[in-house]
Amino acid sequence: MTTVVKGGTLVTADRSYEADILIEGEKIAAIGADLKGDKVVDASGAYVIPGGIDPHTHLEMPFMGTTTAETFESGTAAAASGGTTMIVDFVLPGPDGSLVNALRDWHRKADGRICIDVGWHVAVTGWNETIWREMAEVVKLGVNTFKHFMAYKGALMVEDDEMYASFSRCAELGALPLVHAENGDIIAELQKKFMAQGKTGPEGHAHSRPPEVEGEATNRAIMIADAAGVPLYVVHVSCEEAHEAIRRARQKGMRVWGEPLVQHLTLDEGEYFDKDWDHAARRVMSPPFRDRKHQDSLWAGLAAGSLQVVATDHCAFTTAQKRMGLKGFPSIPNGTGGLEDRLAVLWTRGVETGRLTPEEFVAVTSTNIARILNIYPRKGALVPGADADIVVWDPKLKKTIRAADQLSIIDYNVFEGVEVTAQARHTISRGTVVWSHGQNTRPSAGHGIYIPRPAFPAASKALSVWKELNSPRFIHRDPQNIPSGV
Ligand code: URP
Ligand code: ZN
Ligand code: ZN
Ligand code: ZN
């Protein structure tokens, strides 16, 4: 059984051109003119792009005394309907602290339920010999990224010595450290201060996490990574202060990548000043939405290449869960959704406004992250031999985003009322059409598979060799020639 995606304009990270795509089984078999197949997927008048990859999701994750309400099934169905064909979700160690057990647990939750493909990042939330040993096991199981939280003091936060130890271990293993860069100590102080002053509302969340808190931590993480001789990926970059640190590092030749979220690019801190408590609390996430001037910095970074990836950090709680923080903003579970809307919102606010070219849109929604995560060109590319993860992207399919219409099971949407000008007409995951617009079908649970990612020695090896060549030189001195002291 073969399928041809016919009559569209292919858009890749490096060029756009007219061609058909022939799919055989799960793979792209050929790209060219007038291809024939058993089945035809109509792409006339549309773009044909690599399936979106969202490298930052938290599905069914225990966090802040509750568990994210979006399930692997609902989250991946929502993703597929929005043109995303792979997510990379965060595995958090449970009370036993074991990375391997946590990984097993995430497979148990996802296997047989996911509609599109998944990969895992594993969080390092402390430091001991077991973690050091298990990191190697985890890499063998197909995880090449380890996440470090510099915030969430008393819970997930790691100290600098722990981060340095873990980053050094990443360098040995050919793995890439990721950081949530916010200074958890300062946040804890500001939270205490505002709560003591009786300032308990959701806007306190934003005030307790100003841009300096993120800029400081981003710079610190970059310097620690440089000291350890390892590249670094900074998740959810929300402000100029953090972007500046990344830009500076890249100009010095450090391998640092930055990931803004579609929420930070398009929503601002005014959301927290809404008189409606629920409205504000539903938008509580870390880092918080910022003053508009930061959005210009993030968009510029995507165009200039100092920021490389647009994700969502989809970490979705219901309104009832958000109300756990009615007595004080520090208890509002942190996180917002976006998985279903990432491509449409980014296209509308990015490509339609001229901030991004269609090719840059593809780069930041799939190709760049596929390369960073070492799954390129299996994912993130339209080339023969790649997985047939393909989206027929219709630039004339408008809609107004409404929670009532979404596949996500959350009872609201932070983009409620936003009008988007483009959507997925068809989403193809490994050769199967899993979603077609307007056909009232649901992506089927169980289609998705786990995509292991091999360790990638290249970048970290280059840095480690450089580090070795530039390591401090110690001098051998004849003890006889050393003065014996006073
Ligand atoms: O508020 C957020 N971002 N929640 C998800 C966990 C994290 O920090 O990434
Ligand atoms: Zn599995
Ligand atoms: Zn985070
Ligand atoms: Zn996150």
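Residues numbered from 1 in each chain as written. Chains lettered and ligands numbered in written order. Predicted model: local features only at pLDDT ≥ 70, side-chain atom pairs only at ≥ 80, totals over all residues. Heavy atoms only, no water.

Draft legend 1. How the structure looks around the overall build of the protein. Of regular secondary structure, the protein possesses 15 helices and 21 strands. In summary, the protein has a C-alpha radius of gyration of 23 Å against a globular reference of 23 Å for 486 residues, a match within 12%. Along the three orthogonal principal directions, the C-alpha set of the protein runs to about 90 × 60 × 40 Å. Sorting the 486 residues of the protein into buried and exposed places 60% on the buried side. When contacts within the protein are restricted to residue pairs at least 6 apart in sequence, long-range pairs at least 24 apart make up 76% of them. Only carbon and sulfur atoms are counted for the fraction: they give 51% of the accessible area of the protein, which is about 19200 Å². Put simply, the protein has 51 plus and 60 minus side-chain charges, and the middle of one group is 1 Å from the middle of the other. (Helix = DSSP H or I, 4+ residues; strand = E, 2+ residues; numbered from the N terminus. Rg over C-alpha atoms; globule rule 2.2 N^0.38 Å. Buried < 20%, exposed > 50% of the residue type's maximum accessible area, 1.4 Å probe, protein only. Contact = heavy atoms within 4.5 Å. Areas by Shrake-Rupley, 256 points an atom, 1.4 Å probe, with all protein chains shown as cover. Lys, Arg positive; Asp, Glu negative; His and termini not counted. Charge placed at Lys NZ, Arg CZ, Asp CG, Glu CD.)

Draft legend 2. Representation of the sheet that holds strand 11 (residues 84–91) within the structure. Read from one edge of the open sheet, seven strands run 8-11-12-13-14-15-16, paired in parallel fashion. The open sheet has two edge strands with one neighbour each: strand 8 (52–57) and strand 16 (256–258). Each strand of the sheet is rotated relative to its neighbour by a mean of 25°, with strand direction disregarded. As paired elements, strand 12 (residues 117–123) and strand 13 (residues 145–149) share two bridges and run parallel to each other. Within strand 13, the position partnered with valine 122 by the bridge is phenylalanine 146. (Pairing = 2+ DSSP bridges. Axes fitted to C-alpha atoms, helices over the stretch in contact; angles between N-to-C directions.)

Draft legend 3. Quick peek at the coordination of the zinc ion (ligand 3). The protein atoms that coordinate the zinc ion (ligand 3) are His180 (ND1) and His236 (NE2), at distances spanning 2.1 Å. One way to put it: the four donor atoms around the zinc ion (ligand 3) meet at angles of 58 to 147°, and that makes the site irregular. Between the zinc ion (ligand 3) and the zinc ion (ligand 4), a separation of 3.7 Å is found. Of the two residues, histidine 180 sits in strand 14 (residues 176–180) while histidine 236 sits in the loop between strand 15 (232–234) and helix 8 (240–251), which places them 56 residues apart along the sequence. With a relative accessible area of 2%, histidine 236 lands in the buried category. (Donors = N, O, S within 2.8 Å, 3.2 Å for Na, K, Ca; no water. Tetrahedral: all angles 85-135°; square planar, octahedral: opposite > 155°, others 65-115°.)

Draft legend 4. Molecular detail of the site of ligand 1. Looking at ligand 1, there are 14 residues lining it, with Tyr152, His180, Ser286, Asp313 and Asn334 nearest. Separating an oxygen atom of ligand 1 from a side-chain N or O atom of histidine 180 is a distance of 2.9 Å. Contact between ligand 1 and glycine 335: an oxygen atom at 3.4 Å from a main-chain N or O atom of the residue. Against a free-state accessible area of 260 Å², the protein chains account for coverage of 100% of ligand 1. Residue classes in the shell around ligand 1 are distributed as five nonpolar, seven polar and two charged. (Near = heavy atom within 4 Å. Polar contact = N/O pair within 3.5 Å; in protein donor to acceptor, adjacent residues only side chain to side chain. Nonpolar A, V, L, I, M, F, W, Y, C, P; charged D, E, K, R; others polar.)

Draft legend 5. View of the UniProt feature "domain: Amidohydrolase-related" (unreviewed entry) in the protein. In the numbering used here, UniProt assigns the feature "domain: Amidohydrolase-related" (unreviewed entry) to residues 47–434. When the span residues 47–434 is considered, its composition is 38% helix and 16% strand, and the gap between its end C-alpha atoms is 18 Å. (UniProt positions renumbered as here; feature names shortened; annotations may be inferred.)

Draft legend 6. Structural detail: helix 4 (residues 160–173). If you check helix 4, its first and last C-alpha atoms are 20 Å apart, about what 14 residues at 1.5 Å a residue would give, namely 20 Å. Of the positions making up helix 4, those classed as buried are Met163, Ser166, Phe167, Arg169, Cys170, Ala171 and Leu173. Of the residues flanking the end of helix 4, it is glycine 174, one or two places downstream, whose phi is positive at about 70°. (Expected span 1.5 Å × (residues − 1).)

Draft legend 7. Region of interest: the nonpolar core. Trp120, Phe146, Phe167, Val179, Leu346, Phe361 and Trp393 are the most contacted members of the largest nonpolar core, which totals 113 residues. Not counting residues up to four positions away in its chain, the partners in contact with phenylalanine 146 are Leu99, Val122, Val124, Met135, Val138, Val139, Cys170, Ala175, Leu176, Pro177 and Leu178. Of all hydrophobic cores here, the second largest spans 17 residues; its members include Val88, Ile369, Ile372 and Phe456. (Core = buried A, V, L, I, M, F, W, Y, C linked by side-chain atoms within 4.5 Å.)

Draft legend 8. Quick peek at the sheet that holds strand 6 (residues 39–42). Spatially, the four strands line up as an open sheet ordered 5-4-1-6, and their pairing is mixed. Of all strands in the sheet, those with a lone pairing partner are strand 5 (27–32) and strand 6, marking the two edges. Each neighbouring strand pair of the sheet contributes to a mean axis angle of 25°, computed without reference to strand direction. Pairing between strand 1 (residues 2–6) and strand 4 (residues 20–24): four bridges, direction antiparallel. Paired with valine 4 across the bridge in strand 4 is leucine 22.

Draft legend 9. Local environment of the layout of surface pockets. Its boundaries defined by the atoms lining it, the largest pocket holds a volume of some 510 Å³. As for the largest pocket, its lining consists of 27 residues, of which Phe63, Met64, Tyr152, Ala155 and Leu156 are closest to the centre. Within the residue set of the lining of the largest pocket, elements represented by two or more residues are strand 9 (62–63), helix 2 (99–110) and helix 5 (184–196). Broken down by element, the residue count for the lining of the largest pocket peaks at five residues, all from helix 2. (1 Å grid on protein atoms, 1.4 Å probe; cavity = no way out; pocket = protein on both sides within 12 Å on 5 of 7 lines; lining within 4 Å. Points joined across faces, edges and corners; volume = space filled by probe spheres on them.)

Draft legend 10. A look at the side chain of threonine 367. Following the sequence through the fold, threonine 367 ends up in helix 14 (residues 358–372). Overall, the relative accessible area of 6% leaves threonine 367 in the buried class. Polar side-chain contacts of threonine 367 include one of 2.9 Å to the backbone oxygen of glycine 380. Those residues within four positions of threonine 367 in sequence are excluded, and the remaining contacts are Ala13, Val362, Tyr376 and Gly380.

Draft legend 11. Structural detail: the confidence of the model for the protein. Overall, the prediction assigns the protein a mean pLDDT of 96, with 99% of residues at 70 or greater. On the interface metric, ipTM, the complex scores 0.95, and its pTM is 0.96. (pLDDT = per-residue confidence, 0-100.)

Draft legend 12. View of the packing of helix 3 (residues 129–140) against helix 4. Interaxial distance between helix 3 and helix 4 falls to 10 Å at its minimum, and their mutual angle equals 40°. Compared by their axis directions, helix 3 and helix 4 come out oblique. In this structure, helix 3 meets helix 4 at a crossing whose hand is right-handed. Along the contact surface, helix 3 presents Trp132, Arg133, Met135, Ala136 and Val139, while helix 4 presents Ser166, Arg169, Cys170, Glu172 and Leu173. Grouping the amino acids of the contact of helix 3 with helix 4 by side-chain chemistry returns six nonpolar, one polar and three charged. (Parallel < 35°, antiparallel > 145°, perpendicular 65-115°, else oblique. Left-handed = near helix turned anticlockwise from the far one by under 90°.)

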